[in-house]
Amino acid sequence: MKKMNIGMIGAGFMGKAHALSYAAMPMFFWPAPAIPVRKMVADVNEKAAKDAAERLGFESYTSDWRKMIENPDIDLIDIVTPNDSHAEIAIAAARAGKHIICEKPLARDAAEAKTMLDAVKASGVKHMVAFNYRRTPAVALAKKYIEEGSLGKILNFRGTYLQDWSADPNSPLSWRFQKKIAGSGALGDIGTHVIDFARYLVGEISEVMASTKTWIPERPTQSGGVDKLGTVKAAENVEKKAVDVDDEFISLIKFENGAIGSIEATRNGWGRNNFLTFEIHGEKGSLYFNYERRDELQVCFADDPEDRRGFRTIYTGPAHPYGEGLWPIPALGIGYGETKIIEIYDFVKSIVNDTEVSPDFNDGYQIALISDAILASAEQKQWVKVEEKSLIKTV
Ligand SMILES: NC(=O)c1ccc[n+]([C@@H]2O[C@H](COP(=O)([O-])OP(=O)(O)OC[C@H]3O[C@@H](n4cnc5c(N)ncnc54)[C@H](O)[C@@H]3O)[C@@H](O)[C@H]2O)c1
């Protein structure tokens, strides 16, 4: 069977998730389009790279990602580093003719994302941006209902991503709170997943009207580059430094097809852990999804008899998208890992079969344009059209 050699850059949270998906993909989807071989892992922190090779099952490691890109044996570069290094790595990988999967957000802002899109277009490599939540079977099922017309014309989209891991002012100033590294705060980190849902399910967003807030203006500094996502609290008397990104945003949105809606995200919502939701109303029905109950899609159809009309719950299983490779009984449980396994399956399949895959760098760029428009709108306190000329350079 065909093999595909993987070089992964970054050995933190997403390094673990992506390594798992390379190992597990053929166990779920068989025959696999190709067997991923975990060839080399890179991390700026040499010990992290060495440990990752051992723990995550890579044959070799390096602290210099350029060595991996020069290596002719590597077919696919996987970028799982913080956002400030995505562009430099992706452009070098594209020039070297490697296929690329890059974590989201694609870049710190749209201008940077455009340089990445131009590089992959020029080289002709396959590219994907890792908005994996759309590969939750219940979300793909929502897409199927909408495409089949079960909801009729879509009227609106209400999406949220609410978390609480950084609501404690004592959780450290990791890279996620620094504009120079992250580009933006809750917007780029989690809001972009909701923007991806909105575009995937309803269509292109044309205009936004937003407000942003930074609730915790300074946080204790931390040593080391890895973000522990609030699980490590700073010691007493640690120096504090300024947070220069949003903790929360709320945006009204208009779609090109006439639908309207709202998107919001916060990392300060106590009690909300991974409250990634959407509710969509169409002329013929409604859908509701909440990632905290990700095996379920709530559906309501207008043509159900009036005395039994209301939301009902579909538990995803073998009859639903990706069901052929997942578990044999509905509601056995889909996890975060499965969304990443499906993502890698679809990407490797697109490389082997030379077919289109989404979300790709063009989607990543469009999402960056929308994100920049949200920041511009919050600054200008007015509706902003999603187009290059109305954007501000953010980093
Ligand atoms: N799709 C998702 O659901 C999801 C979830 C979390 C994070 N992410 C994205 O994944 C990316 C990584 O986030 P994370 O949570 O894994 O971060 P992390 O802090 O856990 O790990 C980042 C790792 O990258 C290494 N690193 C930093 N700069 C590097 C460089 N220039 N070269 C090589 N290694 C470098 C660090 O040493 C660290 O080991 C980010 O873009 C983030 O937005 C996506």
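If you're wondering where the values come from, they're calculated on a predicted model, not measured in any experiment. Every chain begins its residue count from 1, and numbering advances along the sequence as written. Where totals are concerned, whole chains, interfaces and linings use all residues; where local detail is concerned, this predicted model gives features only for residues with pLDDT of at least 70, and gives and counts side-chain atom pairs only at 80 or more.

For the rest of this paragraph, the subject is the pairing of strand 7 (residues 154-162). Where strand 7 meets strand 13 (residues 275-282), eight bridges bridge the pair, whose relative direction is antiparallel. Following the sheet pairing, R158 is matched in strand 13 by E279. Think of it this way: DSSP has to see at least two bridges between two strands before they count as a pair. Working definition: helices are DSSP H or I runs of at least four residues, strands are E runs of at least two. Numbering for both runs from the N terminus. As paired strands, strand 7 and strand 12 (residues 260-266) are joined by seven bridges and run parallel to one another. When the sheet's bridge partners are listed, F157 is paired in strand 12 with G261.

Quick look at the sheet that holds strand 3 (residues 60-62) now. With respect to topology, six strands assemble into an open sheet ordered 3-2-1-4-5-6, the strand pairing being parallel. The outermost strands of the open sheet, each flanked by one partner alone, are strand 3 and strand 6 (127-129). Put simply, the sheet's adjacent strands are angled 20 degrees from each other on average, direction ignored. Strand direction decides the pairing type here: strand 2 (residues 35-42) and strand 3, joined by three bridges, are parallel. Pairing of M40 across the sheet is with S60, part of strand 3. Whether two residues are in contact is decided by their C-beta atoms, placed from the backbone, lying within 7 Å. Axes here mean lines fitted to C-alpha atoms, for a helix over just the part in contact, with angles spanning 0 to 180 degrees between N-to-C directions. Along the sheet face, helix 1 (residues 13-28) touches strand 1 (3-9), strand 2 and strand 4 (76-79) and points at about 155 degrees away from the line of strand 2.

Bringing the domain arrangement of the chain into the picture now. When the domains of the chain are assigned, the result is domain 1 (3-133) and domain 2 (134-334 + 368-376). The split into domains, and so the bounds of each, comes from an automatic or database assignment of domains. Here domain 1 and domain 2 have C-alpha centroids that lie 24 Å from each other. Counting residues at the interface gives 18 residues for domain 1 and 23 residues for domain 2.

Running from N to C, helix 4 (residues 86-95) and helix 5 (residues 110-123) cross one another at 10 degrees; their axes reach a closest spacing of 8 Å. Considered as vectors, helix 4 and helix 5 are oriented roughly parallel to each other. Between helix 4, through A87, A90, I91, A94 and R95, and helix 5, the contact on the second element is made entirely by E112, T115, M116, A119, V120 and S123. Residue type decides the class: Asp, Glu, Lys and Arg count as charged, Ala, Val, Leu, Ile, Met, Phe, Trp, Tyr, Cys and Pro as nonpolar, and the leftover types, Gly among them, as polar. Considered class by class, the residues forming the contact of helix 4 with helix 5 number seven nonpolar, two polar and two charged. Here roughly perpendicular refers to angles of 65 to 115 degrees, roughly parallel to angles under 35, roughly antiparallel to angles over 145, and oblique to all remaining angles.

Bringing the site of the ligand into the picture now. Whether a residue is near a molecule or strand depends on its C-beta atom, placed from the backbone, lying within 6 Å of it. The ligand sits among 26 residues. The nearest are G10, G12, F13, M14 and E103. When residues in the shell around the ligand are grouped by element, the largest group, three residues, is from helix 1. Looking at the shell around the ligand, you find at least three residues from each of domain 1 (3-133) and domain 2 (134-334 + 368-376).

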